[in-house]
Amino acid sequence: MSVSAVEVRDLEKVFSRRKGLWHRRKRAALNKVSFTMERGECVAILGQNGSGKSTLVRLLSTLLLADGGEARVFGYDVFKEARTVRRLVNRVSVEASFFKKMSAAENLSYAARFYGMGPRETHQKIPRILERVGFPPNRRNESMENLSRGMQQKVALARALLTSPVLLLLDEPTTGLDPRSKQEVQTFIREIRERHDSTILLCTHDMKEAEELADRVGLLDRGELLFLEPVADVLERYEVDTLEEAFFAATGRTFEDEKTEDDEEREVFA
Amino acid sequence: MTSAAGDVTQAFTRRRIVRDELIGLFGVVERNLYLTKRYLLWDLAFLLWTVANTLTIVFIARGIGIAPAARNELETKLLVGGVIWAFLGIIFEIVTETVAWERWEGTIEYTFMAPVSRPVHLIGMGVYAVIYGLVRAALVFFAVVVFIGIHLPHANYGAAIALLAIASISFIGVGMMTAVLPLVSPEKGTQLGFVAQGLMLVVSGVYYPVTVLPDWMQWVAKISPATYALRGNREQILNGAGLAWADVWPLLVIGAFSIPIGLSVFKVGERYAKKHGKLKRSG
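Residues numbered from 1 in each chain as written. Chains lettered and ligands numbered in written order. Predicted model: local features only at pLDDT ≥ 70, side-chain atom pairs only at ≥ 80, totals over all residues.

**As for the overall build of chain A**
For step 1, the next point in the chain: Scanning chain A for helices and strands turns up 10 helices and 10 strands.
For step 2, the next point in the chain: Taking 18 Å as the expected radius of gyration for a compact globule of 270 residues, we find that chain A reaches 19 Å, a close match to that expectation.
For step 3, the next point in the chain: Counting over 270 residues, chain A shows a buried share of 49%.
For step 4, the next point in the chain: Nonlocal contacts in chain A, meaning residues at least 24 apart in sequence, comprise 68% of its contacts between residues at least 6 apart. (Helix = DSSP H or I, 4+ residues; strand = E, 2+ residues; numbered from the N terminus. Rg over C-alpha atoms; globule rule 2.2 N^0.38 Å. Buried ≥ 20, exposed ≤ 12 C-beta atoms within 10 Å, placed from the backbone. Contact = placed C-beta atoms within 7 Å.)

This is the structure:
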């Protein structure tokens, strides 16, 4: 029997924040989100800041507990079988997130140890994987703080791939990168798709990136998944020419519209 | 559950899991070694500060006009107190920073989503803290001994180190309980860890005999591992005593309780953090 790579059903996450001494204000970061992803598929989830994209990634990474619904990765319950799921998943987020004084090689060794890779294995694998992401070999032992954002993001990609994840969660991996670095990262994501048996969930607010890299595109708005289908189907359904127009048709707002106070609070919570 | 996805999940035998956990533990120690190497100058500055701080305490014995033999004894007692304060401080700081440092660097999410078990992660931090703390304590001890000119003809250093190592089991357990504080309260958690360290030493007779404390504090002192470490170390350094069972068994009992309690407290804290979205980088 074939099992979906990701199966999310009625997933809910609510964050609360103290408002005054007695009251707590609640905001739904995810509201009954359901979708499935097949093995080898690349799905992009679009959404503004605070739409719930990062919350979804953090739930699937076992970093959050859901308030309702369920999520499975290759059949394993994300919340009840977290340790098994952790072996299958890795992620790249918008912030590269490294020990800044440590070198790229040292940071990768640290990450690899947690996945059971000993010194002999990392000694061989780390130079190879850094070379693959286009990281200059002579800078391998330099502190991360001396590397550009683009370089750091390449090391982040290397860290994710080092553990051979079957589900790769990419949370705005190209946000804030210069055009060249962005292009390089996108090329590498394409390469992962072509060469590896990885399923990719790409959360982004870059519509062009989503359209170019993903098999299906979803729209998460204020915690609700409004659609998830191939780009052509989205455009046909809303009778529009671009994903931006589809966003407007689905939400009644433009992607760049000013946020309401409610949206801003949701952004802080999520 | 057997692999529902066919070949995407590997069969993790018990042997493989143990091997992976040991590599994970090594990884934590190795990472801390990398960081110590990178922050070496900062570590040296902190070491100098600790030596100076210990000297300010040991010099008190010089100012109270007592006979040389009694003064040497008082200096030694104060020195042992100062060194254990520094040792405990390092253990609490490193174990508490399991969360605080990773949050500050931004790596917390990657570490907490990795498949290594939390006990192994925390024990790895504890193992490094004990090794680093012992080396540092020895350096502080001998720097002050040489500077002040304390005579320690009978000191049993082997027994003193062994007792500190045994006490460390309990210290790590208590450290695990405080390590949860930055997880629950990112802003104030680390400072609360220092409060715990201070309270433990106040009731344990860090620079004075426990008998000078109010009765209720003497009762609390009985469950503090630092009480037995201080008492035993003073006897070992001053009189050359060996490992006294009267000090060892309470430390083993406290250790047997504090490690599981520490792990349980951390587990509850981690669950709370996952529920409320606090398991993320700051900034």
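**Considerations on the sheet that holds strand β3 (residues 42-46) of chain A**
Residues and elements named next belong to chain A.
For step 1, the next point in the chain: Spatially, the six strands line up as an open sheet ordered β6-β7-β8-β3-β9-β10, and their pairing is mixed. With one partner strand each, in any of the chains shown, β6 (89-92) and β10 (224-229) form the two edges of the open sheet. Averaged over all adjacent pairs, the angle separating strand axes in this sheet is 15°, with direction ignored.
For step 2, the next point in the chain: Note that β6 and strand β7 (residues 167-171) share four bridges and pair parallel. When the bridges of β7 are listed, asparagine 90 appears paired with leucine 168.
For step 3, the next point in the chain: Helix α5 (residues 149-162) contacts β6 and β7 of the sheet and is inclined by roughly 175° relative to β6. (Pairing = 2+ DSSP bridges. Axes fitted to C-alpha atoms, helices over the stretch in contact; angles between N-to-C directions.)

**Thoughts on the interface of chain A and chain B**
For step 1, the next point in the chain: If you look at the interface, chain A gives 34 residues, while chain B gives 32 residues.
For step 2, the next point in the chain: Elements supplying a minimum of two residues to the side of chain A that touches chain B: α2 (82-88) and α3 (104-113) of chain A.
For step 3, the next point in the chain: Taken together, the residues that form the side of chain A that touches chain B break down as 17 nonpolar, eight polar and nine charged. (Nonpolar A, V, L, I, M, F, W, Y, C, P; charged D, E, K, R; others polar.)

**Quick word on the sheet that holds strand β5 (residues 76-77) of chain A**
Residues and elements named next belong to chain A.
For step 1, the next point in the chain: Ordered by their spatial adjacency, four strands build an open sheet running β2-β1-β4-β5, and the pairing between neighbours is antiparallel. This sheet does not close on itself; its edge strands, each paired only once, are β2 (23-37) and β5.
For step 2, the next point in the chain: As judged from the 11 bridges shared by strand β1 (residues 6-19) and β2, these two strands associate in the antiparallel manner. The residue bridging valine 8 from the neighbouring strand is phenylalanine 35, located in β2.

**Considerations on the environment of Ile192(A)**
Residues and elements named next belong to chain A.
For step 1, the next point in the chain: Locating isoleucine 192 in the fold gives a position in helix α6 (residues 179-195).
For step 2, the next point in the chain: Looking at isoleucine 192, the number of C-beta atoms within 10 Å reads 19, which means it is partly exposed.
For step 3, the next point in the chain: A sequence separation of 24 residues divides isoleucine 192 from leucine 168, and the C-alpha atoms of the two residues are 9.8 Å apart.
For step 4, the next point in the chain: Apart from residues lying up to four places away in sequence, isoleucine 192 is in contact with Leu168 and Ser198.

**Section: the pairing of strand β8 (residues 199-204) of chain A**
All names here are of chain A.
For step 1, the next point in the chain: Burial runs high along β8: six of the six residues are buried.
For step 2, the next point in the chain: Residues of β8 alternate between two faces, with Thr199, Leu201 and Cys203 on one and Ile200, Leu202 and Thr204 on the opposite face, all of them buried.
For step 3, the next point in the chain: Sheet analysis places β3 next to β8, joined by five bridges and oriented parallel. Its bridge partner lying in β8, cysteine 42 is registered against isoleucine 200.
For step 4, the next point in the chain: Summarising the sheet, β7 and β8 pair through five bridges and their orientation is parallel. Bridge pairing in β8 places aspartate 171 opposite cysteine 203.
For step 5, the next point in the chain: Crossover handedness for the path β7 to α6 to β8: right-handed. (Right-handed = clockwise from strand over helix to strand, strands pointing away.)

Nothing here speaks to function; it is all geometry.
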